[in-house]
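# Commentary on secondary and tertiary structure
One-letter residues, chain by chain:
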Amino acid sequence: MDRAGQCRQLAEDGYTRLPNILSPEMLEQARRVSDELLAGQDEEHFDRQRSTGSMIGVQAHPWFAELVAWPPALQALKDLGFAETRFTSGYVISKPPHSPPLFWHQDWAGWDDPGSYTEPTLQVFLMYYLVDTTPENGCLRVLRGSHRHRHAMHDLVSVAHTEVLHRATDPSHPAFQPIEEDIAVPVAAGDLVVGDARLLHGAYANNSDHRRTVLTLWFHRWDRYSEPLKAHMTGTQSTVGQWPADAQARIKSLIPDYAGDAEPIAWNRVPGPDFR
(Lines give C-alpha, C1' and ligand atoms only; values in the text may rest on other atoms or scores of the structure.)
Protein backbone atom coordinates (compact mmCIF):
# COMPACT_ATOMS: atom_id res chain seq x y z
CA MET A 1 0.00 0.00 0.00
CA ASP A 2 1.36 3.43 -0.94
CA ARG A 3 1.36 6.46 1.39
CA ALA A 4 -1.92 7.78 -0.03
CA GLY A 5 -3.55 4.45 0.76
CA GLN A 6 -2.02 4.42 4.23
CA CYS A 7 -3.40 7.92 4.86
CA ARG A 8 -6.87 6.77 3.84
CA GLN A 9 -6.61 3.64 5.98
CA LEU A 10 -5.56 5.63 9.05
CA ALA A 11 -8.41 8.11 8.53
CA GLU A 12 -11.11 5.56 7.72
CA ASP A 13 -10.08 2.43 9.63
CA GLY A 14 -8.08 4.04 12.45
CA TYR A 15 -4.77 2.27 11.80
CA THR A 16 -2.23 1.44 9.13
CA ARG A 17 0.92 -0.68 8.82
CA LEU A 18 4.24 0.69 7.56
CA PRO A 19 6.65 -2.10 6.60
CA ASN A 20 10.39 -2.14 7.32
CA ILE A 21 10.62 1.09 9.31
CA LEU A 22 13.33 -0.21 11.66
CA SER A 23 16.71 -1.09 10.19
CA PRO A 24 18.16 -4.48 11.20
CA GLU A 25 20.63 -2.66 13.48
CA MET A 26 17.89 -0.65 15.24
CA LEU A 27 15.79 -3.77 15.62
CA GLU A 28 18.64 -5.59 17.36
CA GLN A 29 19.31 -2.62 19.64
CA ALA A 30 15.61 -2.47 20.53
CA ARG A 31 15.61 -6.17 21.41
CA ARG A 32 18.75 -5.83 23.54
CA VAL A 33 17.47 -2.86 25.55
CA SER A 34 13.99 -4.35 25.98
CA ASP A 35 15.34 -7.71 27.15
CA GLU A 36 17.58 -5.90 29.64
CA LEU A 37 14.65 -3.97 31.09
CA LEU A 38 12.38 -7.01 31.21
CA ALA A 39 15.04 -9.00 33.06
CA GLY A 40 15.09 -6.31 35.74
CA GLN A 41 11.38 -6.55 36.64
CA ASP A 42 10.16 -8.44 39.69
CA GLU A 43 7.37 -11.01 39.77
CA GLU A 44 4.83 -8.50 41.08
CA HIS A 45 5.28 -6.35 37.97
CA PHE A 46 4.23 -9.24 35.72
CA ASP A 47 1.39 -10.24 38.05
CA ARG A 48 0.13 -6.65 38.04
CA GLN A 49 0.35 -6.52 34.23
CA ARG A 50 -0.81 -10.03 33.41
CA SER A 51 -3.01 -8.86 30.51
CA THR A 52 -0.49 -6.48 28.95
CA GLY A 53 2.52 -8.60 29.97
CA SER A 54 4.60 -5.62 31.04
CA MET A 55 4.34 -1.82 31.15
CA ILE A 56 7.86 -0.44 31.42
CA GLY A 57 8.10 3.28 30.69
CA VAL A 58 10.70 4.36 28.12
CA GLN A 59 12.10 6.77 30.71
CA ALA A 60 13.83 3.68 32.14
CA HIS A 61 16.51 3.78 29.42
CA PRO A 62 17.94 6.73 27.43
CA TRP A 63 18.39 4.60 24.30
CA PHE A 64 14.72 5.20 23.60
CA ALA A 65 15.60 8.76 22.57
CA GLU A 66 16.98 7.22 19.38
CA LEU A 67 13.71 5.44 18.73
CA VAL A 68 11.60 8.52 19.47
CA ALA A 69 13.69 10.58 17.03
CA TRP A 70 14.03 7.79 14.44
CA PRO A 71 14.03 9.70 11.10
CA PRO A 72 12.11 7.14 8.99
CA ALA A 73 9.24 7.16 11.51
CA LEU A 74 9.11 10.95 11.80
CA GLN A 75 9.09 11.23 8.00
CA ALA A 76 6.30 8.67 7.83
CA LEU A 77 4.23 10.77 10.25
CA LYS A 78 4.75 13.82 8.03
CA ASP A 79 3.68 11.78 5.03
CA LEU A 80 0.55 10.77 6.96
CA GLY A 81 -0.37 14.44 7.45
CA PHE A 82 1.27 15.29 10.78
CA ALA A 83 2.70 18.73 9.98
CA GLU A 84 3.82 19.22 13.60
CA THR A 85 4.54 16.30 15.89
CA ARG A 86 5.07 16.04 19.64
CA PHE A 87 6.00 13.03 21.78
CA THR A 88 4.98 12.34 25.38
CA SER A 89 5.52 8.75 26.50
CA GLY A 90 6.07 5.13 25.59
CA TYR A 91 6.25 1.61 26.98
CA VAL A 92 7.86 -1.78 26.61
CA ILE A 93 4.84 -4.10 26.40
CA SER A 94 5.88 -7.73 26.34
CA LYS A 95 3.47 -10.66 26.55
CA PRO A 96 5.11 -13.75 28.07
CA PRO A 97 4.50 -17.22 26.60
CA HIS A 98 1.01 -18.61 27.31
CA SER A 99 -0.46 -15.35 28.57
CA PRO A 100 -4.06 -14.09 28.26
CA PRO A 101 -5.44 -11.57 25.75
CA LEU A 102 -4.98 -7.84 26.14
CA PHE A 103 -8.36 -6.30 26.96
CA TRP A 104 -10.27 -4.14 24.49
CA HIS A 105 -9.63 -0.46 25.13
CA GLN A 106 -9.05 2.94 23.56
CA ASP A 107 -6.41 5.35 24.83
CA TRP A 108 -7.64 8.86 24.04
CA ALA A 109 -8.18 10.92 27.18
CA GLY A 110 -9.25 14.25 25.70
CA TRP A 111 -12.94 13.44 25.25
CA ASP A 112 -13.95 16.72 26.93
CA ASP A 113 -12.47 18.56 23.96
CA PRO A 114 -14.94 19.09 21.07
CA GLY A 115 -12.22 18.20 18.57
CA SER A 116 -12.40 14.62 19.80
CA TYR A 117 -15.65 14.24 17.84
CA THR A 118 -14.85 16.25 14.71
CA GLU A 119 -11.11 16.31 14.09
CA PRO A 120 -9.13 13.73 12.17
CA THR A 121 -6.52 11.77 14.08
CA LEU A 122 -5.11 13.84 16.97
CA GLN A 123 -2.95 11.30 18.80
CA VAL A 124 -1.40 8.09 17.53
CA PHE A 125 0.34 5.06 18.91
CA LEU A 126 3.47 3.93 17.12
CA MET A 127 3.86 0.19 17.71
CA TYR A 128 7.18 -1.41 16.84
CA TYR A 129 6.93 -5.19 17.10
CA LEU A 130 10.26 -6.89 17.80
CA VAL A 131 9.15 -10.31 16.55
CA ASP A 132 6.89 -11.48 13.73
CA THR A 133 3.32 -11.59 15.06
CA THR A 134 0.22 -13.68 14.34
CA PRO A 135 -2.99 -14.37 16.28
CA GLU A 136 -1.16 -17.36 17.75
CA ASN A 137 1.47 -15.28 19.57
CA GLY A 138 -0.62 -12.24 20.49
CA CYS A 139 -0.75 -9.90 17.51
CA LEU A 140 -2.71 -6.66 17.59
CA ARG A 141 -6.47 -6.84 17.04
CA VAL A 142 -8.65 -3.83 16.24
CA LEU A 143 -12.25 -2.79 15.74
CA ARG A 144 -12.01 -0.98 12.46
CA GLY A 145 -13.63 2.47 12.40
CA SER A 146 -14.25 2.58 16.15
CA HIS A 147 -12.14 5.76 16.39
CA ARG A 148 -14.93 7.74 14.72
CA HIS A 149 -18.07 5.79 15.61
CA ARG A 150 -19.42 4.28 18.81
CA HIS A 151 -19.27 0.51 19.09
CA ALA A 152 -21.04 -1.66 21.68
CA MET A 153 -17.63 -2.32 23.25
CA HIS A 154 -17.40 1.36 24.24
CA ASP A 155 -20.25 0.77 26.67
CA LEU A 156 -19.29 -2.76 27.71
CA VAL A 157 -15.83 -1.52 28.71
CA SER A 158 -16.39 2.18 29.35
CA VAL A 159 -13.41 2.37 31.73
CA ALA A 160 -10.76 -0.07 30.56
CA HIS A 161 -7.58 0.85 32.39
CA THR A 162 -8.43 -0.78 35.72
CA GLU A 163 -6.38 -3.02 37.96
CA VAL A 164 -8.88 -5.84 37.52
CA LEU A 165 -8.41 -5.80 33.75
CA HIS A 166 -4.64 -5.39 33.93
CA ARG A 167 -4.42 -8.38 36.26
CA ALA A 168 -6.90 -10.37 34.12
CA THR A 169 -8.58 -11.72 37.22
CA ASP A 170 -11.87 -12.36 35.37
CA PRO A 171 -11.21 -13.98 31.97
CA SER A 172 -14.97 -14.03 31.24
CA HIS A 173 -15.11 -10.22 31.19
CA PRO A 174 -16.32 -8.82 27.82
CA ALA A 175 -13.05 -6.89 27.48
CA PHE A 176 -11.20 -10.15 26.80
CA GLN A 177 -13.65 -11.80 24.44
CA PRO A 178 -13.30 -12.22 20.68
CA ILE A 179 -16.08 -10.59 18.69
CA GLU A 180 -17.24 -10.96 15.12
CA GLU A 181 -15.70 -7.67 13.96
CA ASP A 182 -12.17 -8.53 15.16
CA ILE A 183 -9.50 -7.57 12.66
CA ALA A 184 -6.10 -9.20 13.21
CA VAL A 185 -3.07 -7.04 12.36
CA PRO A 186 -0.11 -9.42 11.96
CA VAL A 187 3.25 -7.80 11.23
CA ALA A 188 6.87 -8.64 10.55
CA ALA A 189 9.55 -7.63 13.05
CA GLY A 190 10.65 -4.07 12.30
CA ASP A 191 7.30 -3.01 10.85
CA LEU A 192 5.45 -0.08 12.39
CA VAL A 193 1.72 0.06 13.15
CA VAL A 194 0.32 3.59 13.45
CA GLY A 195 -3.08 3.83 15.11
CA ASP A 196 -5.52 6.49 16.25
CA ALA A 197 -5.62 6.73 20.06
CA ARG A 198 -9.43 6.57 19.89
CA LEU A 199 -9.38 3.19 18.13
CA LEU A 200 -10.65 0.23 20.15
CA HIS A 201 -7.86 -2.31 20.12
CA GLY A 202 -6.35 -5.16 22.10
CA ALA A 203 -4.23 -8.23 21.46
CA TYR A 204 -4.83 -11.94 21.15
CA ALA A 205 -3.52 -14.32 23.79
CA ASN A 206 0.08 -15.39 23.37
CA ASN A 207 -0.30 -19.16 22.99
CA SER A 208 3.28 -19.62 21.80
CA ASP A 209 6.37 -20.69 23.73
CA HIS A 210 8.12 -17.35 23.15
CA ARG A 211 7.88 -13.76 24.36
CA ARG A 212 6.09 -11.22 22.14
CA THR A 213 7.37 -7.66 22.64
CA VAL A 214 6.10 -4.39 21.22
CA LEU A 215 7.48 -0.91 21.86
CA THR A 216 4.64 1.62 21.94
CA LEU A 217 5.30 5.36 21.61
CA TRP A 218 2.71 8.15 21.81
CA PHE A 219 2.80 11.04 19.34
CA HIS A 220 0.49 14.02 18.94
CA ARG A 221 -0.70 16.02 15.92
CA TRP A 222 0.26 19.29 17.53
CA ASP A 223 -0.92 21.52 14.70
CA ARG A 224 -4.49 20.26 15.21
CA TYR A 225 -4.57 20.46 19.02
CA SER A 226 -6.77 23.05 20.68
CA GLU A 227 -5.14 25.42 23.16
CA PRO A 228 -6.76 23.69 26.18
CA LEU A 229 -5.34 20.36 24.98
CA LYS A 230 -1.91 21.91 24.50
CA ALA A 231 -2.09 23.51 27.93
CA HIS A 232 -2.76 20.17 29.54
CA MET A 233 -0.07 18.35 27.64
CA THR A 234 2.74 20.87 28.01
CA GLY A 235 4.92 20.34 31.03
CA THR A 236 2.79 17.57 32.50
CA GLN A 237 2.89 14.61 30.14
CA SER A 238 6.52 14.21 29.08
CA THR A 239 8.13 11.35 31.00
CA VAL A 240 11.76 11.64 29.94
CA GLY A 241 13.06 14.36 32.26
CA GLN A 242 15.39 11.90 33.96
CA TRP A 243 17.27 11.05 30.76
CA PRO A 244 20.83 12.38 30.38
CA ALA A 245 21.21 15.77 28.71
CA ASP A 246 22.34 14.36 25.37
CA ALA A 247 19.30 12.07 25.14
CA GLN A 248 16.93 14.91 26.06
CA ALA A 249 18.59 17.15 23.47
CA ARG A 250 17.96 14.54 20.78
CA ILE A 251 14.19 14.90 21.19
CA LYS A 252 13.96 18.50 22.39
CA SER A 253 12.01 19.63 19.32
CA LEU A 254 9.44 16.88 19.96
CA ILE A 255 8.58 17.83 23.55
CA PRO A 256 5.17 19.58 23.92
CA ASP A 257 5.41 23.36 24.19
CA TYR A 258 2.68 25.93 24.80
CA ALA A 259 3.06 29.50 26.01
CA GLY A 260 -0.58 30.61 26.01
CA ASP A 261 -2.91 31.12 28.94
CA ALA A 262 -5.73 28.68 28.12
CA GLU A 263 -7.11 26.61 30.99
CA PRO A 264 -5.90 23.00 30.69
CA ILE A 265 -8.68 20.64 29.72
CA ALA A 266 -9.69 17.96 32.22
CA TRP A 267 -8.40 14.53 31.26
CA ASN A 268 -11.27 12.16 30.48
CA ARG A 269 -10.94 8.67 28.97
CA VAL A 270 -14.67 8.07 28.42
CA PRO A 271 -16.33 9.28 25.18
CA GLY A 272 -19.45 11.35 25.74
CA PRO A 273 -22.91 11.15 24.18
CA ASP A 274 -21.79 13.10 21.11
CA PHE A 275 -19.78 10.05 20.06
CA ARG A 276 -22.22 8.09 17.90
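Scope of this entry: the structure provided in the associated data block. (Residues numbered from 1 in each chain as written. Predicted model: local features only at pLDDT ≥ 70, side-chain atom pairs only at ≥ 80, totals over all residues. Heavy atoms only, no water.)

Time to look at unusual backbone geometry. With a phi close to 55 degrees, Asn 20 is a non-glycine residue in the positive phi region. By the element assignment, Asn 20 lies in the loop between β1 (15-18) and α2 (24-39). (Helix = DSSP H or I, 4+ residues; strand = E, 2+ residues; numbered from the N terminus.)

Attention now goes to the sheet that holds strand β7 (residues 183-185). The strand order across the open sheet built from four strands is β4-β9-β6-β7, with neighbouring strands paired in antiparallel fashion. Only two strands of the sheet have a single partner each, and these edge strands are β4 (102-105) and β7. Taking the axes of each pair of neighbouring strands and ignoring which way they run, one obtains an average angle of 25 degrees across the sheet. Both strand β6 (residues 140-142) and β7 contribute to a ladder of three bridges, which runs antiparallel. Its bridge partner being in β7, Arg 141 is matched across the sheet by Ala 184. (Pairing = 2+ DSSP bridges. Axes fitted to C-alpha atoms, helices over the stretch in contact; angles between N-to-C directions.)

This part covers the packing of aromatic side chains. The geometry of two aromatic rings is summed up by the distance between their centres and the angle between their planes. As enumerated under the stated definition, the model contains 10 aromatic pairs in all. Look at Phe 103 and Phe 176: their rings are 6.4 Å apart centre to centre, the planes differ by 85 degrees, and that puts the pair in the edge-to-face class. Linking Phe 103 in strand β4 with Phe 176 in the loop between α8 (163-167) and β7, this pair joins segments that are 73 residues apart in sequence. Taking relative accessible area as the criterion, Phe 103 reaches 1% and is therefore assigned buried. Put simply, the rings of Trp 108, Trp 222, Tyr 225 and Trp 267 touch in pairs and so form one group of aromatic residues. We note Arg 141 situated over the ring of Tyr 204; from NZ or CZ to the ring centre the distance is 5.4 Å. (Phe/Tyr/Trp six-rings, centres within 6.5 Å; stacked < 30°, edge-to-face > 60°. Buried < 20%, exposed > 50% of the residue type's maximum accessible area, 1.4 Å probe, protein only. Lys NZ or Arg CZ within 6 Å of the ring centre and 35° of its normal.)

The next thing to look at is helix α5 (residues 71-79). Among the residues making up α5, those that are buried are Ala 73, Ala 76 and Leu 77. For α5, the arc enclosing every buried residue in end-on projection is 100 degrees, short of the 170-degree limit, so these residues lie on one face. Exposed and facing more than 90 degrees away from the buried side of α5 are Pro 71 and Lys 78. The inward-facing, buried residues of α5 contact α1 (3-13), β1, β3 (85-95), β5 (123-129), β8 (192-196) and β10 (212-221). Just downstream of α5, Gly 81 is the residue with a positive phi angle, here 105 degrees. (Arc of directions from axis to C-beta. Contact = heavy atoms within 4.5 Å.)

Before going further, it helps to examine the sheet that holds β8. Read across the open sheet, the six strands follow the order β1-β8-β5-β10-β3-β2; overall the sheet is antiparallel. Sheet topology places β1 and β2 (56-57) at the edges, where each strand pairs with a single neighbour. Examined bridge by bridge, β5 and β10 share seven bridges and lie antiparallel to one another. Within the sheet, the bridge partner assigned to Tyr 129 lies in β10 and is Val 214. Each of β1, β3, β5, β8 and β10 touches α5; the most contacted strand, β5, lies at about 140 degrees to it.

Moving on: the pattern of salt bridges. Under the criterion given, the structure shown has 13 salt bridges. Of the charged contacts in the structure, one is a salt bridge between Asp 79 and Arg 3, with a shortest N-O distance of 3.3 Å. Of this pair, Asp 79 sits in helix α5 while Arg 3 sits in helix α1, placing them 76 residues apart in sequence. Classification of Arg 3 as partly exposed rests on a relative accessible area of 30%. (Salt bridge = Lys/Arg side-chain N within 4 Å of Asp/Glu carboxyl O.)

This part covers the environment of Pro 71. When you line up the elements, Pro 71 lands in helix α5. The exposed category is assigned to Pro 71, whose relative accessible area is 54%. Considered as a pair, Pro 71 and Lys 252 are 181 residues apart in the sequence and their alpha carbons are 14 Å apart.

Moving on, we get to the nonpolar core. Core analysis: the largest hydrophobic core is formed by 41 residues, its most contacted members being Phe 64, Leu 126 and Tyr 128. Taken together, the elements giving at least two residues each to this core come down to α2, α4 (64-68), α5, β3, β5, β8 and β10. Among the elements that take part in this core, α2 stands out by supplying six residues, more than any other. With sequence-adjacent residues up to four places away left out, Tyr 128 is seen in contact with Ile 21, Leu 22, Leu 67, Trp 70, Ala 73, Asp 191, Leu 192, Thr 213, Val 214, Leu 215 and Leu 217. Membership of the second largest hydrophobic core comes to 23 residues, among which are Tyr 129, Ala 197, Val 214 and Trp 222. (Core = buried A, V, L, I, M, F, W, Y, C linked by side-chain atoms within 4.5 Å.)

With 16 residues, α2 should cover 22 Å at 1.5 Å per step; its first-to-last C-alpha distance of 23 Å lies within 8% of that length. Inspection of α2 places Met 26, Leu 27, Ala 30, Val 33, Ser 34, Leu 37 and Leu 38 among the buried residues, and these make up the whole buried set. The buried residues of α2 occupy an angular sector of 135 degrees when the element is viewed end-on, so they sit on one face. Within α2, the exposed residues directed more than 90 degrees away from the buried face are Pro 24, Glu 25 and Ala 39. Along its buried surface, α2 packs onto α3 (43-48), β2, α4, β3, β5 and β10. (Expected span 1.5 Å × (residues − 1).)

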